[in-house]
Protein chains: 2
Amino acid sequence: MALSWATEEQASRSEQIRQMTIHLFHEKGYPATSIRAIAKNLDIKSSSLYYHFQSKQDLLFDVLDRIMDELIQGLQKSVAHGQTPEEKLVAAIRFHISFHTDHQAEAFISHSELRFLSAENFRRIAEKRKRYEEIFQQVLREGVEAGVFNVPDVKVASYAILLMCTGVSSWFAEKGRLGGEEVARIHEDLILRGILKTSKGGNR
Amino acid sequence: MALSWATEEQASRSEQIRQMTIHLFHEKGYPATSIRAIAKNLDIKSSSLYYHFQSKQDLLFDVLDRIMDELIQGLQKSVAHGQTPEEKLVAAIRFHISFHTDHQAEAFISHSELRFLSAENFRRIAEKRKRYEEIFQQVLREGVEAGVFNVPDVKVASYAILLMCTGVSSWFAEKGRLGGEEVARIHEDLILRGILKTSKGGNR
DNA sequence: GTCTATAACTAGATAGAC
DNA sequence: GTCTATCTAGTTATAGAC
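Residues numbered from 1 in each chain as written. Chains lettered and ligands numbered in written order. Predicted model: local features only at pLDDT ≥ 70, side-chain atom pairs only at ≥ 80, totals over all residues. Heavy atoms only, no water.

Here we look at the overall build of chain A
A tally of regular secondary structure across chain A gives ten helices and zero strands. In chain A, the order of α-helices and β-strands from amino to carboxyl end is α-α-α-α-α-α-α-α-α-α. Dimensions of chain A, computed from C-alpha atoms along their principal axes, come out at roughly 60 × 40 × 30 Å. Counting across all 204 residues of chain A, residues that qualify as buried make up 55%. Sequence-distant contacts in chain A: of pairs separated by 6 or more residues, those separated by 24 or more amount to 68%. Accessible surface for chain A amounts to roughly 9800 Å². Of this, 49% is attributable to carbon and sulfur atoms. Side chains of chain A give 27 positive and 27 negative charges; the mean places of these two sets differ by 4 Å. (Helix = DSSP H or I, 4+ residues; strand = E, 2+ residues; numbered from the N terminus. Buried < 20%, exposed > 50% of the residue type's maximum accessible area, 1.4 Å probe, protein only. Contact = heavy atoms within 4.5 Å. Areas by Shrake-Rupley, 256 points an atom, 1.4 Å probe, with all protein chains shown as cover. Lys, Arg positive; Asp, Glu negative; His and termini not counted. Charge placed at Lys NZ, Arg CZ, Asp CG, Glu CD.)

Structure, rendered in structure tokens:
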């Protein structure tokens, strides 16, 4: 599945640059990826890249900002489909993991390259990351208030759940032993059994 | 707690270089950390650094290799203290989290800088990482065989547990709301409830 | 063990032609 | 929108003095 802004058959040059940037940032990271290398991979000269983006920092921000928008939009949409806190949580976990298996490069750099953002750009991305985490925390809180979740610390639990699933992008292999859906089911099971008040999570 | 090779009151120059390297790699990453910067922070010239290490790559490998040794040794020692699978798992989680809260920089770079190792150096570090993961997997397997753990996929479960706890180093703040022990307890609880066979019909 | 000096190279970014 | 050419500054690493 391609990201929504990349679904056009003929990707614009700006979009080609973004995709190549994501690929190379994933492979080598921001500092080790030169503007020249991005350009060379697209068969243009590095100076041409500056027609589309103001600076390397600008390109980093643009890429990360779009990934965050995609994440937030997708999570909101997924959670909205659930009725109960348990359904909402499962939907959230499923979305989070499928994003991390389907877009490994995007998911990886959305964490690893944060420290290369300028102070102001970091502030803007950190805000969106907080919005994303808060959706999870809200679902957990609803479950606690409804008396179905046993979560002593919503923030720590949300970090634990997010990081466990986020980590999938570091080991998941497209052609590995398990498919994305199996991986998602294992994680749902582990998490639900970890936080549900009854132990019905195990035999859903 | 300091790492064992750093307990001497007068750290050797090589050790000072390693500590500064860890600090700067954590802050900026390998490619963005210049040999000059490491040297400057120790009030020596960059050329002097080459007396102690052959190359920047050599320094990266040396630092990561020692971190892996410390992790493996510490985990083995912790697990050996437990009698039952459950005790062993709690000991393993406690060690893993305390390492990630007490040595945030070391823990962080032991993942983030892997991709900057040369092919041969990567192979050597990856082997040690595998050894570390296998200790966790062995404990989980013992629990399954003893009939106390409900873990449908030992590998995925080990990754989920490790990554959940590993992630602590990315958000844990020394002077934050929670101490390291509280964080560890919350994670132990979440994991144990997630995998313990507490009721019948837990299998899928 | 640390220094000065420097070689050989690569980086981000811009000017101006077409 | 892409090119050539170039500026300035930074990079790893080495040679050889002390």
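A closer look at the interface of chain A and chain B
Taken together, the contact pairs 39 residues of chain A with 39 residues of chain B. Summing both partners gives a buried area of about 3100 Å² for chain A against chain B, and 58% of it is carried by carbon and sulfur. The three residues of chain A that bury the most area against chain B are R115, V156 and R193 of chain A, which together make up 21% of that side's buried surface. If you look at where chain A meets chain B, you find four salt bridges. At the junction of chain A with chain B, the criterion picks out 14 residue pairs in polar contact (both at pLDDT 80 or more). Broken down by secondary-structure element, the contributors of at least two residues to the side of chain A that touches chain B are helix 1 (13-28), helix 6 (104-112), helix 8 (154-166), helix 9 (168-171) and helix 10 (180-195) of chain A. The biggest single contributor to the side of chain A that touches chain B is helix 10 of chain A, with eight residues. Residue composition of the side of chain A that touches chain B, grouped by class: 17 nonpolar, eleven polar and eleven charged. (Buried area = accessible area lost by both parts, 1.4 Å probe. Salt bridge = Lys/Arg side-chain N within 4 Å of Asp/Glu carboxyl O. Polar contact = N/O pair within 3.5 Å; in protein donor to acceptor, adjacent residues only side chain to side chain. Nonpolar A, V, L, I, M, F, W, Y, C, P; charged D, E, K, R; others polar.)

Description of the protein's contact with DNA strand C
Contacts to DNA strand C come from 15 residues, most closely from I35 and K56 of chain A together with K45, S47 and S48 of chain B. Near the protein, within 4 Å, the atoms of DNA strand C are sugar or phosphate in 54% of cases. Note that a phosphate oxygen of DNA strand C is positioned 2.9 Å from one of the side-chain N or O atoms of S48 of chain B. At 3.0 Å from a phosphate oxygen of DNA strand C is found a side-chain nitrogen or oxygen belonging to Y51 of chain B. If you list the elements that add at least two residues to the surface near DNA strand C, you get helix 2 (35-41) and helix 3 (46-52) of chain A together with helix 3 (46-52) of chain B. Per element, the largest residue contribution to the surface near DNA strand C is four residues, and it comes from helix 3 of chain B. (Near = heavy atom within 4 Å.)

Here we look at the pattern of salt bridges
Applying the stated criterion to the full structure yields 25 salt bridges over all chains. Here E127 of chain B makes a salt bridge to R123 of chain B, at a shortest N to O gap of 3.7 Å. One end of the pair is E127 of chain B and the other is R123 of chain B, both in helix 7 (residues 119-145) and four residues apart, which spans about a single turn. One salt-bridge network, in which partners are shared between bridges, spans E15, R18, D62 and R66 of chain A.

Remarks on the relation of the copies chain A and chain B
It takes a turn of 180 degrees to lay chain A on chain B, together with a shift of 0.0 Å along the axis; the resulting RMSD is 0.0 Å. Such values leave the two copies arranged in the relation of a two-fold axis. Interface residue correspondence from chain A to chain B reaches 95%, placing this contact among same-surface, isologous pairings. (Least-squares fit on C-alpha atoms with pLDDT ≥ 70 in both.)

Quick word on the packing of aromatic side chains
Evaluated as defined, the whole model comprises twelve aromatic pairs over all chains. Between W171 of chain A and Y159 of chain B, the aromatic rings sit 5.0 Å apart at their centres with planes inclined by 40 degrees, giving tilted as the arrangement. Linking W171 of chain A in helix 9 with Y159 of chain B in helix 8 (residues 154-166), this pair reaches from one chain into another. Among the residues examined, W171 of chain A registers a relative accessible area of 23% and is labelled partly exposed. (Phe/Tyr/Trp six-rings, centres within 6.5 Å; stacked < 30°, edge-to-face > 60°.)

Let's talk about helix 8 of chain A
Residue and element names in this part refer to chain A. Between its first and last C-alpha, helix 8 extends 18 Å over 13 residues, near the 18 Å set by a 1.5 Å rise per residue. The element helix 8 is extensively covered by neighbouring structure, given that twelve of its 13 residues are classed as buried. Within helix 8, the full set of buried residues consists of V154, V156, A157, S158, Y159, A160, I161, L162, L163, M164, C165 and T166. The N-cap of helix 8, judged by a side-chain oxygen 3.2 Å from the amide nitrogen of K155 a few residues on, is D153. (Expected span 1.5 Å × (residues − 1).)

Brief notes about the protein's contact with DNA strand D
As a matter of local geometry, DNA strand D sits amid 17 residues, with K45, S47, S48 and Y51 of chain A together with R36 of chain B nearest to it. A share of 53% is what sugar and phosphate atoms reach among the atoms of DNA strand D within 4 Å of the protein. Note that a phosphate oxygen of DNA strand D is positioned 2.5 Å from one of the backbone N or O atoms of K45 of chain A. I35 of chain B is positioned with one of its backbone polar atoms (N or O) 3.1 Å from a phosphate oxygen of DNA strand D. Elements supplying a minimum of two residues to the surface near DNA strand D: helix 3 of chain A together with helix 2 (35-41) and helix 3 of chain B.

Looking at helix 7 of chain B
Residue and element names in this part refer to chain B. Between its first and last C-alpha, helix 7 extends 37 Å over 27 residues, near the 39 Å set by a 1.5 Å rise per residue. When helix 7 is considered as a whole, its buried residues turn out to be N121, I125, K128, Y132, E133, I135, F136, Q137, V139, L140 and G143. Looking at the buried positions of helix 7, the neighbouring elements they touch are helix 4 (56-81), helix 5 (85-102), helix 8 and helix 10 (180-195). A positive backbone phi angle near 75 degrees is found at G147, which sits one or two residues after helix 7.

Let's talk about the environment of L190 of chain B
Here L190 of chain B is to be found in helix 10. For L190 of chain B, a relative accessible area of 14% translates into the label buried. Beyond its immediate sequence surroundings of up to four residues, L190 of chain B is in contact with A160, G194 and I195 of chain A together with M164 of chain B.

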